[in-house]
Amino acid sequence: MSAELPEGTSAGLHRVARWISRWPLRLPFRVKVRGRERIPRSGPVVLVANHSSLLDGPLLLGMVPRPMVFLIKQEMFSGALGWFLTRIGQIGVRRGEPDRTPLLTAVRVLKGGGVVGVFPEGTRGSGEIDNAQHGAAWLARASGAQILPVACRGTRRPEGSGRRLLPRIDVLFGEPISPAGGKGRAGLVAATETVRNELVALIAELDRQVADRTNDDVRGKRA
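From a predicted model like this one, the values you see are computed outputs, not experimental measurements. (Residues numbered from 1 in each chain as written. Predicted model: local features only at pLDDT ≥ 70, side-chain atom pairs only at ≥ 80, totals over all residues. Heavy atoms only, no water.)

Draft legend 1. Geometry of the sheet that holds strand β1 (residues 30-34). Sheet architecture is open: seven strands sit in the order β1-β7-β6-β2-β5-β3-β4, paired in mixed fashion. Every other strand in the sheet has two partners, leaving β1 and β4 (91-93) as the edge strands with one partner each. Recorded for the sheet is a direction-independent mean angle of 25° between the axes of neighbouring strands. Here five bridges tie strand β2 (residues 45-49) to strand β6 (residues 146-153), and the two strands are oriented parallel to one another. Paired with V46 across the strands is I147, a residue of β6. Its contacts with the sheet place helix α5 (residues 135-143) against β2, β3 (68-73), β5 (115-118) and β6, and it is angled at close to 170° to β2. (Pairing = 2+ DSSP bridges. Helix = DSSP H or I, 4+ residues; strand = E, 2+ residues; numbered from the N terminus. Axes fitted to C-alpha atoms, helices over the stretch in contact; angles between N-to-C directions. Contact = heavy atoms within 4.5 Å.)

Here you go:
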């Protein structure tokens, strides 16, 4: 078993899941990925992304060219889906409960040189990162991992809209960072705010790129 995945993971099933995420899952969408060259090819990485749809995690799983696991709410781990998530190495987290076990599992993955994905908001929302929990910064500080911010747009269907034909999904990988911060809780809070600010800035940059592309498309149609 690779040290990059939790104990009990099926490496074969993990590869199958990544293949599904990379190809069949993307077929109904037009996916544009920028900044993929910024993904570290080795060493521990905590990937942090905004979260507005159930599609975010599975799509990112196929975009990162390395084995990776996500911290996922424990409610997803039931029945056949729960068995599959466990076998491909995903880590269940009980929201609102003081349980360090999943975080320690994630630290072991990171110290083995792996990649752990975290949605700092802790749940799906607007994707704007109005607040951030401390898990990503804590993991990075505990393992010495770099933090890789990722912005996603288009996975969430706008309110009141019907079914979309080949909706456009845009993903932008940022530069890896090592958030500074002193010791103790004050340092953790400062590191968390650094992560949040980096992700907010990256989302704003992606929105500018998407707006520029849309304007170019409109001008091209008028020409």
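Draft legend 2. The nonpolar core, seen in detail. If you look at the biggest cluster of nonpolar residues, it comprises 28 residues, and the most contacted ones within it are L47, L60, M63, V150, V171 and F173. Here this core gets four residues from one element, more than from any other, and that element is helix α2 (residues 56-63). (Core = buried A, V, L, I, M, F, W, Y, C linked by side-chain atoms within 4.5 Å. Buried < 20%, exposed > 50% of the residue type's maximum accessible area, 1.4 Å probe, protein only.)

Draft legend 3. A look at the pairing of β3. Taking burial as the measure, the six residues of β3 include five buried ones, the bulk of the element. Bridge count for β3 against β5 is three bridges, and the pairing is parallel. The residue of β5 that forms the bridge with F70 is G117. Both β3 and β4 contribute to a ladder of three bridges, which runs parallel. Bridge pairing in β4 places L71 opposite I91.

Draft legend 4. Inspection of the pattern of salt bridges at higher detail. The final tally for this structure, using the stated rule, is eight salt bridges. Here E193 and R196 are joined by a salt bridge, their closest N and O atoms 3.4 Å apart. Taken as a pair, E193 and R196 lie in helix α6 (residues 184-222) at a separation of three residues, close to a single helical turn. For E193, a relative accessible area of 36% puts it in the partly exposed group. Residue classification places R196 among the partly exposed residues on the basis of a relative accessible area of 21%. Beyond isolated ion pairs, a larger network of salt bridges with shared partners links R34, R168, D170 and R213. (Salt bridge = Lys/Arg side-chain N within 4 Å of Asp/Glu carboxyl O.)

Draft legend 5. Region of interest: α2. Most of α2 sits inside the fold, with seven of its eight residues counted as buried. Those residues of α2 not exposed but buried are D56, G57, L59, L60, L61, G62 and M63. Its buried side turned inward, α2 meets α1 (11-22), β1, β2, β3, β6 and β7 (168-173).

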